[in-house]
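Notes for the structure review
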Amino acid sequence: MIVALLYLALAGAYLLVIPIAVMLYLKQRWYVASSIERTVMYFMVFFFLPGLLLLSPFVNLRPRPRQIEV
(Lines give C-alpha, C1' and ligand atoms only; values in the text may rest on other atoms or scores of the structure.)
Protein backbone atom coordinates (compact mmCIF):
# COMPACT_ATOMS: atom_id res chain seq x y z
CA MET A 1 0.00 0.00 0.00
CA ILE A 2 2.82 2.40 0.82
CA VAL A 3 4.48 1.69 -2.52
CA ALA A 4 1.23 2.50 -4.38
CA LEU A 5 0.90 5.80 -2.50
CA LEU A 6 4.52 6.62 -3.27
CA TYR A 7 3.95 5.98 -6.98
CA LEU A 8 0.79 8.11 -6.89
CA ALA A 9 2.62 10.97 -5.17
CA LEU A 10 5.52 10.83 -7.64
CA ALA A 11 3.12 10.71 -10.61
CA GLY A 12 1.21 13.69 -9.25
CA ALA A 13 4.41 15.64 -8.78
CA TYR A 14 5.65 14.74 -12.27
CA LEU A 15 2.37 15.46 -14.05
CA LEU A 16 1.01 18.43 -12.08
CA VAL A 17 3.14 20.07 -9.40
CA ILE A 18 6.49 20.45 -11.15
CA PRO A 19 4.98 21.44 -14.56
CA ILE A 20 2.99 24.21 -12.85
CA ALA A 21 6.21 25.45 -11.25
CA VAL A 22 8.01 25.25 -14.62
CA MET A 23 5.22 27.25 -16.31
CA LEU A 24 5.32 29.95 -13.66
CA TYR A 25 9.10 30.15 -13.95
CA LEU A 26 8.94 30.36 -17.76
CA LYS A 27 6.32 33.09 -17.61
CA GLN A 28 8.45 35.08 -15.18
CA ARG A 29 11.84 34.75 -16.93
CA TRP A 30 11.14 34.14 -20.65
CA TYR A 31 12.10 37.57 -22.00
CA VAL A 32 15.05 38.24 -19.68
CA ALA A 33 16.83 34.86 -19.53
CA SER A 34 20.47 34.39 -20.45
CA SER A 35 21.53 31.75 -22.97
CA ILE A 36 22.50 29.19 -20.32
CA GLU A 37 19.27 29.77 -18.43
CA ARG A 38 17.31 29.40 -21.68
CA THR A 39 19.03 26.03 -22.29
CA VAL A 40 17.92 24.89 -18.83
CA MET A 41 14.40 26.09 -19.62
CA TYR A 42 14.31 24.04 -22.83
CA PHE A 43 15.54 20.98 -20.93
CA MET A 44 12.83 21.42 -18.28
CA VAL A 45 10.16 21.69 -20.99
CA PHE A 46 11.49 18.54 -22.69
CA PHE A 47 11.73 16.62 -19.41
CA PHE A 48 8.26 17.57 -18.12
CA LEU A 49 6.47 17.56 -21.49
CA PRO A 50 3.70 15.10 -20.50
CA GLY A 51 2.64 17.30 -17.58
CA LEU A 52 2.89 20.46 -19.66
CA LEU A 53 0.69 18.86 -22.32
CA LEU A 54 -1.89 18.00 -19.66
CA LEU A 55 -1.94 21.61 -18.42
CA SER A 56 -1.73 23.31 -21.82
CA PRO A 57 -5.50 23.71 -22.42
CA PHE A 58 -5.73 25.84 -19.27
CA VAL A 59 -2.81 28.20 -19.99
CA ASN A 60 -2.84 31.50 -21.82
CA LEU A 61 0.67 32.42 -22.99
CA ARG A 62 -0.23 35.40 -25.15
CA PRO A 63 1.86 38.48 -24.42
CA ARG A 64 0.35 41.29 -22.42
CA PRO A 65 -0.94 44.28 -24.41
CA ARG A 66 1.43 47.18 -24.77
CA GLN A 67 0.87 50.29 -22.70
CA ILE A 68 0.75 53.29 -25.03
CA GLU A 69 0.99 56.57 -23.20
CA VAL A 70 -0.77 59.56 -24.68
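Please read all numbers here as calculations on a predicted model, not as lab measurements. (Residues numbered from 1 in each chain as written. Predicted model: local features only at pLDDT ≥ 70, side-chain atom pairs only at ≥ 80, totals over all residues. Heavy atoms only, no water.)

Residues given the UniProt feature "transmembrane region" (unreviewed entry) here are residues 6–27 and 39–59. The distance separating the terminal C-alpha atoms of residues 6–27 is 30 Å; by composition the span is 100% helix and 0% strand. From the first C-alpha to the last, residues 39–59 spans 22 Å; its make-up is 76% helix and 0% strand. (UniProt positions renumbered as here; feature names shortened; annotations may be inferred. Helix = DSSP H or I, 4+ residues; strand = E, 2+ residues; numbered from the N terminus.)

On to the packing of aromatic side chains. In total, this model carries 5 aromatic pairs according to the counting rule given. Centroid distance phenylalanine 47 to phenylalanine 48: 5.0 Å. Interplanar angle 90°. Geometry classified as edge-to-face. We classify phenylalanine 47 as partly exposed; its relative accessible area is 43%. Site record: aromatic cluster; members linked through ring pairs are Tyr14, Phe43, Phe47 and Phe48. A cation sits over an aromatic face here: arginine 38 above tryptophan 30, 4.9 Å from the ring centre. (Phe/Tyr/Trp six-rings, centres within 6.5 Å; stacked < 30°, edge-to-face > 60°. Buried < 20%, exposed > 50% of the residue type's maximum accessible area, 1.4 Å probe, protein only. Lys NZ or Arg CZ within 6 Å of the ring centre and 35° of its normal.)

Once that is clear, we can look at helix 1 (residues 2–29). Between its first and last C-alpha, helix 1 extends 38 Å over 28 residues, near the 40 Å set by a 1.5 Å rise per residue. Considering bend angle alone, the principal kink of helix 1 is centred on alanine 13 and spans about 45°. What helix 1 keeps buried is the set Pro19, Val22, Met23 and Leu26. Against the buried residues of helix 1 lie helix 2 (35–47) and helix 3 (49–55). (Expected span 1.5 Å × (residues − 1). Bend = angle between axes of the 7 residues up to and from the residue. Contact = heavy atoms within 4.5 Å.)

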